[in-house]
Every structure is written in C-alpha cells, then in structure tokens.
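The lines below spell out each chain.
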2 protein chains.
Amino acid sequence: MKFTIDKNIILENLNHVIKAISTKNVIPVLNGIKFDLTNEGLSLTASDSDLTINSFIPQKEIKNVESEGTIVIQSKFILDIIRKLPSDVINFEVIDRLKIRIFTDNAQYHLNCLDANDYPNLRMDEHKDPILLKGELLKSLINQTVFAISTQELRPLLTGVNVTIAGNLLVFIATDSYRLAKKTIELPHSIDTDINIVIPGKNLLELEKIITDDEMVEMHIFNNKVLFKYKNIKFQTNLLSGQYPNTSNLIPNEFGMEVKLNKDDFSSSVDRAALLIQGKDKNIIRMSIAKQEMTITSFASESGKLEEKLQIDTDEGATIDISFSAKYMLEALKTIKDENMVLLLTNDIKPIIVKSVEDESLIQLILPIKTF
Amino acid sequence: MKFTIDKNIILENLNHVIKAISTKNVIPVLNGIKFDLTNEGLSLTASDSDLTINSFIPQKEIKNVESEGTIVIQSKFILDIIRKLPSDVINFEVIDRLKIRIFTDNAQYHLNCLDANDYPNLRMDEHKDPILLKGELLKSLINQTVFAISTQELRPLLTGVNVTIAGNLLVFIATDSYRLAKKTIELPHSIDTDINIVIPGKNLLELEKIITDDEMVEMHIFNNKVLFKYKNIKFQTNLLSGQYPNTSNLIPNEFGMEVKLNKDDFSSSVDRAALLIQGKDKNIIRMSIAKQEMTITSFASESGKLEEKLQIDTDEGATIDISFSAKYMLEALKTIKDENMVLLLTNDIKPIIVKSVEDESLIQLILPIKTF
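Calculation rules
- Residues numbered from 1 in each chain as written.
- Chains lettered and ligands numbered in written order.
- Predicted model: local features only at pLDDT ≥ 70, side-chain atom pairs only at ≥ 80, totals over all residues.
- Heavy atoms only, no water.
- Helix = DSSP H or I, 4+ residues; strand = E, 2+ residues; numbered from the N terminus.
- Buried < 20%, exposed > 50% of the residue type's maximum accessible area, 1.4 Å probe, protein only.
- Polar contact = N/O pair within 3.5 Å; in protein donor to acceptor, adjacent residues only side chain to side chain.
- Contact = heavy atoms within 4.5 Å.
- Pairing = 2+ DSSP bridges.
- Axes fitted to C-alpha atoms, helices over the stretch in contact; angles between N-to-C directions.
- Parallel < 35°, antiparallel > 145°, perpendicular 65-115°, else oblique.
- Left-handed = near helix turned anticlockwise from the far one by under 90°.

**Student:** What am I meant to see in the side chain of Ser43(B) here?
**Tutor:** Residues and elements named next belong to chain B. One can find Ser43 in strand 3 (residues 41–47). Taking relative accessible area as the criterion, Ser43 reaches 14% and is therefore assigned buried. Within the structure, Ser43 has its side chain in polar contact with the side chain of Asn54 (distance 2.9 Å). Contact partners of Ser43, with chain neighbours within four places excluded, come to Lys34, Phe35, Asp36, Asn54, Ser55 and Phe56.

The following block contains the structure:
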C-alpha cells in the first residue's frame, strides 16, 4: 500500500472514524484504524465492536495511488501525527508488511502497525428501503432527548434512547426515571411494520457530532443493530436488548395550572439559583407561584440564599410551592429554542411539564422533589 | 455598608484580588475577601498569608455610597454571583452585621459573611524610592524565566525565581537543576545596595496575569517581602528565605560549536519528535549534526519512530550526537521571539545553550541526557 493524499481529506475522515475507538477496549487490533485501499478508493474503519464507523474516500479524492493494500494503523497519536506534519500533502507507505511510513519531504514517522488479518469482519448491512431523515432534524431529535438518559449501568436499557415508529410518527424518548424527554416528528411516509428499539445514548452523541449539515441520513434498522448512512460515512451501532419501559402513561393529560413565561428569564433565574448549591448531590431549588408572580429561591446553609421574582402569565388563583432539581430544569430548558415557554403543573408531587409555546413536538418532564 | 457599583468595575477588581485566595487555606477568614468602604473609596483585599493582593476603587468610580463599613465576603461563588446578576449595576448592603445582600431589581442573594475583626492586619509597606519597571518588561522577565523553576518542594528555594540587582543590572534566574533560564536587563539608574532575593514562582505567575499593559510597576523590596504596585493594585508576596545557589559558573564561556537555524522549524521538529514519546517520564529525543545537516529522531518501542532533517548553518566539521528532554527544549524555545536562533554546543555531556540571534539578554540552558 502506497499513496499520497491531502492532509485535510485524510484528517477529516480519520476524525470521523476515530470516534468509534474506545479507551476501554480489550481486543488489541481494535485499537487501530483499518486502512483498506483498492482501485475504488480508501476505506477507513474503526470499531469498539459495539459501534463501528466507516468512512470512504473515493479514488478521485486521492492524489496518487502507487499500490493497493490493507493495514491497521494504531489510532493513538495518528491525528496529531498527521496534523503536525509540515506539508499539505501526506505520503503513506507500508514497509516490512507491519510498519507504515508516514512522510513528507523532510520528516518521516515509522509506525508499528497491527495485522489486518486479525481485524474482525464487521458486516455493515443495508436495507433496500431505509428511513430517510434530514441531518439537522436527526441532530435535534438526538440533542433534545439524549441528555435525559441514565448514566447508571444498573438499568442498562435506560442508558439508551427509545426510538419508536408507528405509522408515520417517529418518537425519541429518553428517561433516567426522574425526568423524561420526548420528541415526536412526522415522517413523509408511513411504514408497514412498527418499530421499537433502544439505541445506546453515548453512540447517538457521537453520531450527532458527525452530522454537520442538512443532507439526508439513511436509517437502516435491523433486529440487533442500526446503520446510519450519511454522505460517505457509515455509522453502525448495536441496539440495547430488552423491553423499554412503557412511558406513555407517565405524562399526565390534564394539569391544574398553565404558566407562560419568558424562557431566557426563567433559565437565568434557575441558573442563579443553582449557583449557591452547585456541587451538592441534590441541587434542589424552590418555585412558588402566587398572585400571578413567581418566586425562585435556593438555600445553602454555609453560603446563603437567593430569592428572585419573575413576571409570569397564569390564572389569578393559581398557587403552588414546588421543588425540583436545578440541573434537570436547566438541561430541559436548553432544548427549548423559542422565546416563550409553558410550564404545566398540578401540585407539588405531580410531574412538571416544560414545553415551548410554539413547538408541540417536544415535551420535557421533570419529577418534583418532596422537601419538608 | 451600603453602596451601588457598576458590575464591570467590581468584577474586574475582584478578579485581581481573588488570585490570592488559596484552596489549601486553613484560616477560615482568609477564604473571604475583605471589603472596606470609606469616604475615599472601596478597598478589596484577599490573602493566603503568603500572598496579599489589594485593589482600590476610588470613590468617583462608585455609583452611590449610602453608608461606609467593613465586611469579609466569602470568595466562593462571588465572581459568578455578580457576573450572573441580570443588571449592569449591582447593589451591596450589609444586613444583620454578618450577612450581605447583593441585589438588583428582581434578584437578590443573601450571603453569609465573615467577621472583619478576625481579618489579620496585613501591612503593605512602601519605600520612598521604589524600583520602576515597565509592565511589559516585567511580564517578559517573568514569562521567560519562571517556567524553569522546580515544582518539587524538596528544594524549596528552587521553586522561586532568583532576582538580583547589582549596579544597574537586574537579573531573573530560574532553575530546577536540569535547566536554567536567565534574563538580564539594564535599569535606567544604578542602585546603591545590591539585592539578591528569591520570589515564589507561583506568585510571580499570578502577578504576570494582573499586568496587562505597559504602565509602570513599582517594586518595593524588603528583607522578607516584596510589594509590586501597578495602577490601583498592590501585590505583596513573602520571599523565600535562604541562599539561592550560585549559578554564575554553570553557563560555560566557550563552546565548540555554534549552530544557527530557524526557530519555528526547529521548534516544530522537536514538537513532532515529542509526540511519539508523550506521557513518558523521560521524553528524550536525539539530535545529530554532521555535514552541515541536523537530524532529529525519537523512538518509542510500542509506537514507532520519527526522523527528520533540518537545514542549519554551522562549521563544516561540526559533528555531535546529543540527547535532551523534548519538553525542556520546547519550553525554552517558546521564550524566543525572534525568527533566527543559535544553539551553542560543546559535546554530548556539556550544557546546551539556546539563544536568539538578536536578543543577548536571554539565555536558556538545558543539560543533555546521557543515553547508552
């Protein structure tokens, strides 16, 4: 294998696939990135066996191919090595079968490589008829839900995002059992067979970073895996197995109180209240509503307290005194892009619903915390 | 105490003094910042008893003073609290003697305070006739030397910078005994009594951050402390006691070899060589000179090796094969601002001197590492 390529092209594509490399990986060859150069182009693959990313550089984007071949290059340092080489064009040449020479006119790295024969055969199957989503839409489906997954491995299913399709409705749901994020969109076409899968949240976060524009993303769903195809990139992740809890009855249908307010004002109030209690396990702040005014308070015995008033729009008789996690509220508020928002409340133990006034597709639910 | 002040003014001044607050502090009241409001203005003081910083805001820069007084406000969160308040003007009011209310129209923090009576009396003496240095010059004296101090508490004196004045020559020297940085400047006037003090390096780093322009800095030197006065800021640090080692005979007077080369080229070569060995205890790279060409190599058994050639200007017969720490060389090279540099070499065990071609005031010395 010997070829010459623009530094920016190889860097961009390595940058995509390297996201699949895990530091916890125990299979030595999976610490490397597989370079596979044929007369069609250069295929780069990285995997932690759970997540596999492939990026394909077509032959016309490669400056010069002297000989084809396959090798696995250690991922450690590889981005820095290429980035720091003093030329816009980089040469790669396999020497002694298991070494690669990466060089420019005056500088050359000789790197130990791994044997491509040891690299697992990672099938990346595709359907004839995948689900199509615009890049920006998929990004917001991920961004507006994935933060709510559980980080605790005790309930592994909750570390994933529940993706369901019924008819033409596509729904992303994430919950850690204290809060829930739900985003619903309409697909242009209905599908025949309902879908109900759980995609690991951390892998969706990596996918979100790779998607940078509004080009179509193909979604190929299988029993135990899903493949996203975007431009020249294939992104395949295993699914979490098991039955995701039914969350449909968690969101109340009726509420005693509807509170309209400015999203930025509320968000910065909660942020200030969170300040005094940062670093605490339970970052609880209190919200009181009476006489069409909202009061936000927080208290830390060693530091002091915050109290502030917010103008709101609600029924004259509405009163409530409710406590919740400032962190959860801030994360929910971050997903709301509009200026005006709604809080739907019932009493101090029923869920709080956070929504945009304009956008009905997104629901954020936060359970209150009982304080005495 | 009750006053109103522009957010930016109080933030800027708090930001200066808070640099003296130590997280390792054991005296409770020194976790706070002392606010002292008189008819002349607001004096802010913070200290870890080793370093004391005072910033004075004259009365004309304070929007409104309703009553004078003194209190110690906990430094934790104080910058964030003020930064996040939703107004450009902030009100401070002492309530209940040991609480302060920091408020704007709709938001108010009540913070627990510390008793100003417990705050130590920190004298900040001044000479009639201080040494005067331009701000930018003092910044470069610090920047070009302080990185070479020792971080090990075993030899406490080496964690400081040795500052000497003899006649009109001011010298900053730092060494960790493996490398040495020395910067010499001429003062406009000679002083009568020679000075030889050691200033804690970490405090000089904080001073460097506070100085932002070329205004004059006054240097008031005492037996056991030094006070820097810059604009409205007083910065006082204790000195390290003891006799700093005599370093004058460490720098050789004669060299077998003078090598001229481009600073950026050499620096990026060393940087690339350092890449493969990063994270290693001894980040040793090798430099060979023969036939008026320099070769830089580095080697890591698990990753591979780097080799590159550099064009240099030296005697035809000059040959050497020498190893040194890539980290030390990169840090020394960062202090050199000119395009062209000189390496002065003798053999593989004698010190390497790194200098700019133009600037004779700065000398960087690095001891080679013997490899077999």
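**Student:** Looking at this model, I keep getting lost on the sheet that holds strand 25 (residues 362–366) of chain B. Mind explaining?
**Tutor:** Remark on secondary structure: sheet strands pair via backbone hydrogen bonds, oriented parallel or antiparallel. Residue and element names in this part refer to chain B. With antiparallel pairing, eight strands are arranged side by side in an open sheet as 14-11-12-13-25-24-23-18. In this open sheet, the two edge strands, each paired with only one partner strand, are strand 14 (195–200) and strand 18 (257–262). Across the sheet, the mean angle separating the axes of adjacent strands is 20 degrees when strand polarity is ignored. Examined bridge by bridge, strand 18 and strand 23 (residues 340–345) share six bridges and lie antiparallel to one another. Looking at the pairing, Met257 lines up with Leu345 of strand 23. Across the sheet, helix 5 (residues 263–276) lies against strand 18 and strand 23, angled at about 90 degrees from strand 18, the strand it touches most.

**Student:** Before we go on, may I ask you to explain the packing of helix 5 of chain B against helix 6 (residues 326–334) of chain B in this structure?
**Tutor:** Helix-helix packing is characterised by the crossing angle of the two axes and by the distance between the axes. Residue and element names in this part refer to chain B. Two elements in contact, helix 5 and helix 6, have axes whose closest approach is 10 Å; the angle formed by their N-to-C orientations is 150 degrees. On the basis of their axis angle, the class for helix 5 and helix 6 is roughly antiparallel. Along this stretch, helix 5 crosses helix 6, giving a crossing that reads as left-handed. Mapping the contact onto sequence places Lys263, Phe266, Ser267, Val270, Asp271 and Ala274 in helix 5 and Ala326, Met329, Leu330 and Leu333 in helix 6.

**Student:** Would you explain the pairing of strand 16 (residues 225–230) of chain B in this entry?
**Tutor:** Sheet faces and side chains relate simply in a regular strand, where the side chains alternate between the two faces. Residue and element names in this part refer to chain B. The element strand 16 is largely enclosed, with a buried count of five among its six residues. Bridge count for strand 15 (residues 216–221) against strand 16 is five bridges, and the pairing is antiparallel. Bridge pairing links Ile221 to Val226 in strand 16. Hairpin geometry of strand 15 and strand 16 is characterised by an intervening segment of three residues between the two adjacent antiparallel strands. Pairing between strand 16 and strand 17 (residues 233–238): six bridges, direction antiparallel. For Leu227, the partnering residue across the bridge sits in strand 17 and is Gln236. The loop that links strand 16 with its antiparallel partner strand 17 comprises two residues; one of these, Lys231, has a positive phi angle of about 55 degrees.

**Student:** Sorry, what's going on with the environment of Ile82(B) here?
**Tutor:** Residues and elements named next belong to chain B. Mapped onto the elements of the fold, Ile82 is located in helix 2 (residues 78–84). Considered as a pair, Ile82 and Tyr109 are 27 residues apart in the sequence and their alpha carbons are 9.6 Å apart. The residues touching Ile82, leaving out its near neighbours within four places in the chain, are Lys7, Ile10, Leu11, Leu14, Ile90 and Phe92.

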